Amino acid sequence: MMGKVQERKAKLHDRLIDVAEAQIIEGGLSTVKARDLARKAECALGAIYNVFDDINDLLMAVNGRTFHKLGEAVSAAVKDAHDEGPNDQLIAMSKAYLGFAAENTHLWRALFDLEMSSESKVPEWYLAELAQLFTHIAHPLARLFPDLPRDELDLMVRALFSSVHGIVLLGLEKRISGVPRPQIEHMIAQVLSQIGK
């Protein structure tokens, strides 16, 4: 059983994640400020740093939650699609990815806008959420390329994710090289339908 101090700390931990997530949803990653978080979470400013190492640590916790939700959306898209071809599964997942990004734009952008490099010390749970997302993509790709060595397959998963992500990002940000939202889905499907052919 948790002691009262640990219980209070755990509650504050969850409350700060909730508050930071709500702040990101409302105004994006750049609007998250420690003083605002403390006020909205009804805690002292210093209490944040009793629970998290720094604000980045808190934002990573929000991103971990977002990665999990994104993974659930992508997984649900192919849950009952075992009989579909691998290209169709990839297209279904890409639609789920686009839908999640469009409906949760600020949270989705926070996944990639948070300053963090591959050299940074990233918690194992965070890497596990990212790996889980990539696992969904790896299954149909492995069916398309059964003889591909594992390291090459992993590289292809990341390349494919980057391609779809780029199309979604450019489209949702209405960049000059992007396309209108109704065409984003079609554009991604054009690319994914050609994989392995």
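Structure shown above.
Criteria and thresholds
Residues numbered from 1 in each chain as written. Predicted model: local features only at pLDDT ≥ 70, side-chain atom pairs only at ≥ 80, totals over all residues. Heavy atoms only, no water. Helix = DSSP H or I, 4+ residues; strand = E, 2+ residues; numbered from the N terminus. Buried < 20%, exposed > 50% of the residue type's maximum accessible area, 1.4 Å probe, protein only. Contact = heavy atoms within 4.5 Å. Phe/Tyr/Trp six-rings, centres within 6.5 Å; stacked < 30°, edge-to-face > 60°.

A. Spotlight on the environment of phenylalanine 100. Within the secondary structure, phenylalanine 100 is located in helix 5 (residues 86-103). In this structure, the C-alpha to C-alpha distance between phenylalanine 100 and isoleucine 188, residues 88 residues apart in sequence, is 15 Å.

B. Structural detail: the side chain of glutamine 89. On the secondary structure map, glutamine 89 appears in helix 5. With a relative accessible area of 9%, glutamine 89 lands in the buried category. Setting aside chain neighbours within four positions, we find glutamine 89 in contact with Val78, Ala81, His82, Glu84, Pro140 and Arg143.

C. Main features of the packing of aromatic side chains. Scanning all chains against the criterion turns up 5 aromatic pairs. Here tyrosine 97 and tryptophan 108 contribute two aromatic rings whose centre-to-centre distance is 6.1 Å and whose plane-to-plane angle is 80°, an arrangement assigned as edge-to-face. Linking tyrosine 97 in helix 5 with tryptophan 108 in helix 6 (residues 105-113), this pair joins segments that are 11 residues apart in sequence. Comparing tyrosine 97 with tryptophan 108, the two get one shared label, buried. Ring centres of tryptophan 108 and phenylalanine 112 lie 6.0 Å apart, and the angle between their planes is 70°; on these two criteria the pair is classed as edge-to-face.

By themselves, these figures tell us nothing about what the structure is for.
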